[in-house]
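Structure assessment
What follows is each chain in one-letter form.
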Amino acid sequence: QVQLVESGGGLVQPGGSLRLSCAASGGIFSIYAMGWFRQAPGKERELVASITPGGTTYAADSVKGRFTISKDNAKNTVYLQMNSLKPEDTAVYYCNRARIAYRLPWGQGTQVTVSS
């Protein structure tokens, strides 16, 4: 089955930037809307950004203007460019198909820690 592997997380200072990548093995995801999700300790997993097959993007209010989602269909890869990072962005970040009916098993995610 299709597997999703997130990478690019790390420790960064407030105001810094990170670029996350999500590589899909098997299957072409150009037909699916894709999303980035995050989960902080003690909190529910939340959608932070999504992109449709046609390239239309969405970003949650909490990250709007700071995070940008993009994709490369030829590489089966989705990206999340994160700028002006804040401590409250600290979480494990996951990618998956945006539509719940087509959702794949969650991967391990990638840890993003924003701290001085």
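Our structure's up above, just so we're on the same page.
The following refers to the structure shown. (Residues numbered from 1 in each chain as written. Predicted model: local features only at pLDDT ≥ 70, side-chain atom pairs only at ≥ 80, totals over all residues. Heavy atoms only, no water.)

1. Quick notes on the state of the cysteines
Selection criterion: Criterion for a disulfide: a pair of cysteine sulfur atoms at a distance within 2.5 Å. Counting from the N terminus, the helices are DSSP H or I runs at least four residues long and the strands are E runs at least two residues long. Exposure is judged per residue with a 1.4 Å probe applied to protein chains only, and the accessible area is read against the type maximum: over 50% gives exposed, under 20% gives buried, and values in between give partly exposed.
Applying the stated criterion across every chain yields a total of one disulfide. Here Cys 22 connects covalently by a disulfide to Cys 95, the sulfurs 1.7 Å from one another. Around the S-S axis, the bridge from Cys 22 to Cys 95 shows a dihedral of about 55° and counts as right-handed. Remark: Cys 95 occurs in strand β9 (residues 91–97) and Cys 22 occurs in strand β3 (residues 18–25); sequence separation between them is 73 residues. By relative accessible area, which is 1% here, Cys 22 ends up buried. A relative accessible area of 1% means that Cys 95 is categorised as buried.

2. Considering the sheet that holds β3
For clarity, the threshold we go by: Strands were regarded as paired on the criterion that DSSP finds at least two bridges between them. Axis definition: a line fitted to C-alpha atoms, over the contacting stretch in the case of helices. Angles run 0 to 180 degrees between N-to-C directions.
The strand order β1-β3-β8-β7 describes an open sheet built from four strands, whose pairing is antiparallel. Pairing within the sheet leaves two strands with one partner each, and these edge strands are β1 (3–7) and β7 (67–72). Averaged over all adjacent pairs, the angle separating strand axes in this sheet is 15°, with direction ignored. Examined bridge by bridge, β7 and strand β8 (residues 77–82) share six bridges and lie antiparallel to one another. Residue Ser 70 lies in a different strand from β8, and its bridge partner there is Tyr 79.

3. Digging into the sheet that holds strand β5 (residues 46–51)
Adjacent strands of a sheet pair through backbone hydrogen bonds, lying either parallel or antiparallel. An order of β2-β10-β9-β4-β5-β6 is seen for the six strands of this open sheet, with the pairing classed as mixed. Edge positions in the open sheet fall to β2 (10–12) and β6 (57–59), since each of these has one partner strand only. Pairs of neighbouring strands in the sheet enclose a mean axial angle of 25°, with direction left out of account. The pairing of strand β4 (residues 34–39) with β9 spans six bridges and is classified as antiparallel. Residue pairing in the sheet places Gly 35 in a bridge with Asn 96 of β9.

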